[in-house]
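Commentary on secondary and tertiary structure
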Amino acid sequence: MPAGGFSTADTSDSMSMDSAGDQASSQANSCDDSVDAALTLASELLALANAEDLHEHPADCFSLVSSMSEAMLSLRTLVERRDDQLSRLTQESESMARAQADAIVHSVEIIDELERTKQSLCDARAAAEEAAQDTQRLADTIFEQTNDAVLLFEQQTCVACNEHTVSLLSCDRDSIIGGWPEAFRLATFEDGTSANEHLRECFHGVDGEKANDIEVQMRSSSGVSFWSEVTFSSFSMKGGGHVLAVVRDITARKQFEAELRRHRDFLNNIISAVPDQLSVRSADHRLVLANDAFCEAHAIRRADAIGRDMKELGLGKYAEQIERVQEQLNAKGVSSAIEDTYIAADGAERIASTKHSLFSDAASGDNFLIATSRDITEDRQREERLRLLASVFNGASEGVAILATDGCICEANPAFMSMTSDTLKRSLVGSHLNEALQIEVEGFDAILDGVSTGTPWSGKASAHIDGKLARSLWISLSPSCDTEATRNQVIALVSDITEMENSQVELHRRAMHDSLTGLPNRVYFREELSRLVEQANESGRGISVCFLDLDDFKNANDSLGHVCGDKLLCLVSKRIQQVMGETAFVARFGGDEFALILQEQYLSKGEQALLLEQLLYTFRAPFQIDENEARVGLSIGVTRCPADSQDVDTLMRNADIAMYAGKNAGKNAVREFTPEMQDCVNLRHRVQTKLRDALSGGEIDLYFQPKITSGSYELAGCEALARWRTDEGKFIPPNEFIPIAEQTGLITALGDLVFELAAEQACRWDSIHAMPDIAVNVSPHQLRHPRFIANLESILERTGARPEWFELEITENAMMDDVELAVQVIDQLVAMGFRVAIDDFGTGYSSLSYLKNFNIHTLKIDLSFTCDVTTDRQSEAIVRSITSLGKGLDLRVVAEGVETLEQAKLLESLGCTTMQGYYIGRPMPESDYLEWVANWDARKDQIL
C-alpha cells in the first residue's frame, strides 16, 4: 500500500469526482448562458409590447415569442440535466466520503504497524552496531597486538598501520601514512641492489586469490638494518580495493639459516680441502658425495654427478672394482689398496692408490661405500727420478762430488774424476777438494763452514792440473740433507768454463760492434759516451754528440736491392771514418743511422763544424756499388756537453731531435740542438697524449663550411671539418693536431670519428628536411687501412645514414701512392653509393692516363691556385686547365679558398661549377650553419 495509507481506488474516486465537478461546472455555465438569452428575449418582447406600433409588427412579435419559447424549452432541458447531474454528484460525494473514512481508518492501522516495524529496526540496528563494535575491537586487537608490522594501502598509499610498524621502523606514524613507506623505498636485496621496484611489482601483482611475498633487507629510521618478509594480499573494503602488507622481522631466522649454511659450508670445505679424492657410493652404485679433488680428477660437475650411476658418469671401471671390493669387505671386513691409472681432467695419465671402507647409516639402515684415492703419481715419478738422477750423476758432463764438512771427497762422478790429477784418480775418495783439483781458494775452510750451515757458495778458480795450462773452473757448493735432515754433507758442482770464457770475450766483442760494418753499435756508443761525459765533467773539456741519418737511403735500397744496400752502408761507414779521422768515435745504430762523438781536446768547435760541413760535401759524390751508382744525403744533429746537458740519455735524445729537425728543414744539413726544438717535441707529445683522450672524450666536434653553385649561387652542400675543443674550453688548431695524428697513426681513428659525427648530423638534418650533402676528408692512412670500407659500412648501419648523402674527398697524392689500391677502393665506395672527389688537385704528380682510371665525380682545386688566380697568370692558367679538364670528363669542379668577390667572379667565368671559401662562409658550428642556410637567399644578392 502506498505511503500515507491511501489506495489507488481512493485516488481514482477523487479523480472521478474532479471530472464530474468539471462537467457540472460546464453545464452550469451553459444554463446561465441560456437564462441570460431568455431574459434578453423577454426584455425585447416587453419592449415590443409597450411599443405603440405593435400592431404594425406582428411578425416580429411572433418571432420573439417563438424564440423565447425555444429558449425556455432549452432552459428546461438544461435544468433537468443539471438536476440529474446534481443528484449523481451528491451520490458520488457520499460514496467518496465513505471511502475516505475507510482510508483514514486503514491509514491509522498502517501507521501503527510502521511504528512497530521502526522500533524493531532500531533494536536490530543497535544490536548490529554493538556486534560491529565488538568486531572492530577484535580487529583492532589483532591489528595492534600482532607481532608483525601491518600496513593498509589504498591506491599504493599507506592509509593505516599498527603500532608494531612504528616500533619496527623506528619512526612516527605520520611519516608512514600518506605515501609509499620510506623503508620500502630504501629496501635492498642481499647483494645490495635496490628492492623497491620488486616490492612495487609484488604490490601490483596481488589478486583476490593469491598473496605475494618477498624477502628484503630494510633499514629503520634509526639506521638499524634488519631482514624482513613482506607479504602483500588484497581485499575489498567500502567498495574499494585495498592491499594489506604484513612485514615480519626474520632477522633471527636469517641468522640461523646463515649459521646453518656456515656449518654446512664448513663441513663441505673440510671435505673439499682434503687433497685426496673422497667419494661415497650407495648400494646401487650411485654417487652420494664427492669432494673437489674427485670432481677435478674426473672432470665432472658435482651438481650434475650426485645421484647418478657410476656408469652414467663414465666411471664404469670403478663400478666393477667396487663390486670386487664389496665382496672382499663382506667376506673379510677389510680391502687391500688398489693401484690403478686414470686420465685426469687435463688429459694427463695419473696413478692413484684407492682404499675402501663400508659405512652403515643407523637411521636408515642403508649401506654406503667410502672410497679415498691418493694420487701417487709424484711418488712413482720421484722413484723414477731417483733412478734417473743416479744415471745423470754418473753420466753428467760436469763434475759432481759429495764432500764432507771438512772438504774431503766422499763420492764423485766420472766427469769430476776426469778433472783431477792422474795420480789421485784411484785414491780420490778421502782426498781434499783443493788437493784433487790443485786449486787455491782463499778462506776455503770458512766457506765450507758457511755452506754447512746452509749458505750456498759459488766462485771461479784457476786450476793447474799436472802442470798443464791453467783452466778456469766454476765451483758451486751447496748443503745436502740426509734422511735425518742434518746438513752433514756438501754438494760440489765443478764446471770447466775455459771455453765459455773465451766465447764470452768474442761474444762481448760482437755484442758491442755492428756485424755489417764492424763499427761500434748503440750499446758500445752509450758506454763510451758515459765514460767520456764523466771524463769531461772532471777535465772541463766539452764533447759533441752527433747523430747522422742517411737521406733517401730507402729509395736506393729498394731500387738496387738489399744486398747492394748493405754494401752501400759499408761504403758510407768508411767514408765517414775517412773524413772524421781517428779522433772521432764513429758508431752505427742500425738501419741508416750513424753516430759520432767529437772531443774538444782534439777538435775545437769551429774545427768540428768545418769537419761536419766537409762530411756533407763529400756525400755529394756518388757511391760506386759494383756496376751501380747510388747517391744518398746526410742529415746531422749535434748537441754539446756540458752546454746542453751532462746526462747521457738527454744528450742522445737532443742529438736525435736536432737530426730530425735537419730532416724536416730540407735534409742534407747540420742542425745544432736548441731548447726550442725540445719545446716542439714536448708540444707534439702533449698534443698526441691529449688527442687520444679527446677521441674518446667527446672533445672532437664538426664545423661546416658551405659550398654554393656558380651562377645560381644556390647552396651545394657543405664540407665537414674537425675541430678540437679541450675540456678547458681551449681550441687547438687543426694544423697542430692533424699532422701529429698522421705521424702517430691516430688519423685513422680521427677520420672514423669525423665520418660518424657527420653521419649522425646528416640523419638529424634529414629528419628536418634539410639538405644532408656533406663532404668528408679521407686521409691516406684511412685509404690504405684494410678495414676502411668495413668501418664505413658499420657506421652507416649504426647511424642509419645513406651513402648518397656524402662526398669523400681523397687527396691526389694519396691516390697516386698506390694507384691500384686507390682504384679498387674508389670503385667499392662508388658501388656503395658514395661520391668521390680528388682533393688538392693540381698539387700532386698524377697524369691524365691515371686520372681516367679513377671513378670520381669531382675535382677540387687546391686553394694555393685559388688565392693567386686574380694576380698570377700561371695560377689562372692552371685553374682554366683544370676546369676545362673537369668539363671534358663531366666532373664537377670545386674551387676552395674563395676570399674575395673578384676571385668568385673570375672563377665563375673560368667554368668552376662550385665555390667554397671565407667570402661565402667560414667553417661554423651546426647552429650557425643552419642560420646561415636560412639567411643565404637574402644575403647572396648583397655579396654576389
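On a predicted model such as this, the values are computed, not experimentally measured, just so you know.

Considerations on the overall build of the protein chain
Within the protein chain one finds 32 helices and 31 strands. Taken across its 944 residues, the protein chain has 39% of its residues classed as buried. Contacts in the protein chain between residues at least 24 apart in sequence constitute 55% of all its contacts with a sequence separation of at least 6. When the accessible surface of the protein chain is split by element, carbon and sulfur atoms take 51% of a total near 52,600 Å².

Concerning helix α27 (residues 819–832)
Between the first and last C-alpha of α27 there are 20 Å, a value that for 14 residues agrees with the 20 Å anticipated at 1.5 Å per step. Once α27 finishes, G833 follows within two positions and takes phi at roughly 120°, a positive value.

Quick notes on a nonpolar patch on the surface
Side chains of L386, L388, L389 and V392 sit close together on the surface and give an oily, nonpolar patch of about 380 Å² of accessible area. Within the secondary structure, L388 sits in helix α11 (residues 377–395).

Notes on unusual backbone geometry
Following C641, the chain continues into P642 via a peptide bond in cis, with omega recorded as 10°. In this structure, D552 takes a positive phi of about 65° despite not being glycine. Structurally, D552 can be placed in the loop between β16 (543–551) and α17 (553–560). D552 gets classed as partly exposed once you look at its relative accessible area, which sits at 39%.

Quick look at the sheet that holds strand β22 (residues 670–672)
Pairing within the open sheet is mixed, and its 5 strands lie in the order β17-β18-β16-β21-β22. The two strands at the open ends of the sheet, each matched to only one other strand, are β17 (585–590) and β22. Taken over all neighbouring pairs, the strand axes of this sheet differ in orientation by 20° on average, direction set aside. Pairing of β16 with strand β18 (residues 593–599), which is carried by 7 bridges, proceeds in the antiparallel orientation. Each bridged residue has a counterpart across the sheet, and for V545 the counterpart in β18 is I597. Docked against the sheet, helix α16 (residues 522–539) engages β16, β17, β18 and β21 (633–641), running at close to 20° with respect to β18.

Quick look at the pattern of salt bridges
Counting across every chain of the model gives 39 salt bridges. With a closest N to O distance of 3.5 Å, E383 and R380 form a salt bridge. Here the residue E383 and the residue R380 both occupy positions in helix α11, the gap between them amounting to 3 residues, near one helical turn. Residue E383 is classed as partly exposed on the basis of its relative accessible area of 38%. Linking E714 and K940 is a salt bridge whose minimum nitrogen-to-oxygen distance equals 2.9 Å. Here E714, found in the loop between β23 (700–709) and β24 (715–725), pairs with K940, found in helix α32 (residues 926–943); they are 226 residues apart in sequence, far enough to count as distant.

Digging into the sheet that holds strand β10 (residues 367–375)
Strand order in the open sheet formed by 5 strands is β7-β6-β10-β9-β8, and the pairing between neighbours is antiparallel. Strand pairing shows two members of the sheet lacking a second neighbour, β7 (287–290) and β8 (338–343), which therefore form its edges. On average, each strand axis in the sheet is inclined to that of its neighbour by 30°, with strand direction left out of account. Where strand β9 (residues 349–360) and β10 come together, 9 bridges link them in antiparallel fashion. Of the residues in β10, the one forming a bridge with K355 is T372. Set on the sheet, α11 makes contact with β8, β9 and β10; between it and β9 the angle comes to about 140°.

Comments concerning the nonpolar core
Counting residues in hydrophobic clusters, the biggest one holds 79 residues, and the most contacted among them are F806 and L829. Those residues in contact with F806 that sit more than four places away from it in its chain are F755, A758, A759, A762, I774, V776, L796, A801, F834 and R835.

Overview of the pairing of β7
Judged from the 3 bridges that link them, strand β6 (residues 277–282) and β7 form a sheet pairing that is antiparallel. Residue pairing in the sheet places R281 in a bridge with L287 of β7. What sits between the antiparallel neighbours β6 and β7 is a turn of 4 residues, in which H285 has the positive phi angle 65°.

Things to note about the packing of helix α20 (residues 648–664) against helix α21 (residues 675–697)
Relative to each other, α20 and α21 sit at 85°, their axes nearing to 10 Å. With respect to each other, α20 and α21 are oriented roughly perpendicular. Contact residues: α20 offers R653, N654, I657, A658 and A661, while α21 offers M677, Q678 and V681.

Notes on the packing of aromatic side chains
In the structure shown here, the tally under the stated rule is 23 aromatic pairs. With a centroid separation of 6.3 Å and 85° between ring planes, the pair formed by F184 and F232 is classed as edge-to-face. Of the two residues, F184 is situated in helix α5 (residues 182–185) and F232 in strand β4 (residues 225–237); the sequence distance between them amounts to 48 residues. Summarising the aromatic geometry, the rings of F619 and F623 are spaced 5.5 Å apart at their centres and angled 65° between planes, so their arrangement reads as edge-to-face. Summarising the burial analysis for this pair, F619 and F623 share the class buried.

Considering the packing of helix α23 (residues 747–767) against helix α25 (residues 788–799)
How two helices pack is summed up by the angle between their axes together with the distance between the axes. Taken N-terminus to C-terminus, the directions of α23 and α25 make an angle of 30°; their axes are 10 Å apart at the nearest point. It follows from the interaxial angle that α23 and α25 lie roughly parallel. Viewed along their axes, α23 and α25 form a crossing whose handedness is right-handed. Here D752, F755, E756, A759, E760 and C763 of α23 come into contact with α25, specifically with N791, L792, I795, L796, R798 and T799. When grouped by side-chain class, the residues that make up the contact of α23 with α25 number 6 nonpolar, 2 polar and 4 charged.

The rules behind these values
- For every chain, the first residue of its written sequence is number 1, and the numbers climb from 1 along that sequence.
- In keeping with the predicted nature of the model, local features appear solely for residues at pLDDT of at least 70, side-chain atom pairs appear and are counted solely at 80 or more, and the whole-chain, interface and lining totals rest on all residues.
- Just so you know, side-chain values use all the structure's heavy atoms and leave hydrogens and water out.
- Per the convention used, a helix needs a DSSP run of H or I reaching at least four residues, while a strand needs a run of E reaching at least two, with both numbered from the N terminus.
- Note on exposure labels: buried denotes an accessible area under 20% of the residue type's maximum, exposed denotes more than 50%, and partly exposed covers the range between, all computed with a 1.4 Å probe on protein chains only.
- What makes two residues a contact is simply this: any of their non-hydrogen atoms within 4.5 Å.
- Areas reported as accessible are Shrake-Rupley estimates using a 1.4 Å probe. Residue values count occlusion only from the protein chains shown.
- Any helix carries an expected span of 1.5 Å times its number of residues minus one.
- Each patch is built from residues that are more than 30% exposed by relative accessible area and take part in no salt bridge. Like charges join if they lie within 9 Å; nonpolar side chains (Val, Leu, Ile, Met, Phe, Trp, Tyr) join within 5 Å.
- When a carboxyl oxygen of Asp or Glu lies within 4 Å of a side-chain nitrogen of Lys or Arg, that pair is called a salt bridge.
- Two strands are said to pair when DSSP picks up at least two bridges between them.
- Fitted lines through C-alpha atoms give the axes, limited to the stretch in contact for helices. The angle between two N-to-C directions lies from 0 to 180 degrees.
- To define a nonpolar core, start from buried Ala, Val, Leu, Ile, Met, Phe, Trp, Tyr and Cys residues and group those joined through side-chain atoms within 4.5 Å.
- By the definition adopted for this analysis, an angle is roughly parallel if under 35 degrees, roughly antiparallel if over 145, roughly perpendicular if from 65 to 115, and oblique otherwise.
- Note on ring pairs: Phe, Tyr and Trp rings are taken, using the six-membered ring of Trp, and paired if centres are within 6.5 Å. Classes follow the plane angle, with under 30 degrees stacked, over 60 edge-to-face and the rest tilted.
- Crossings are assigned a handedness: left-handed for a near helix turned anticlockwise from the far helix by less than a right angle, right-handed for a clockwise turn.
- We call Asp, Glu, Lys and Arg charged. Ala, Val, Leu, Ile, Met, Phe, Trp, Tyr, Cys and Pro are nonpolar, and the rest, Gly among them, are polar.

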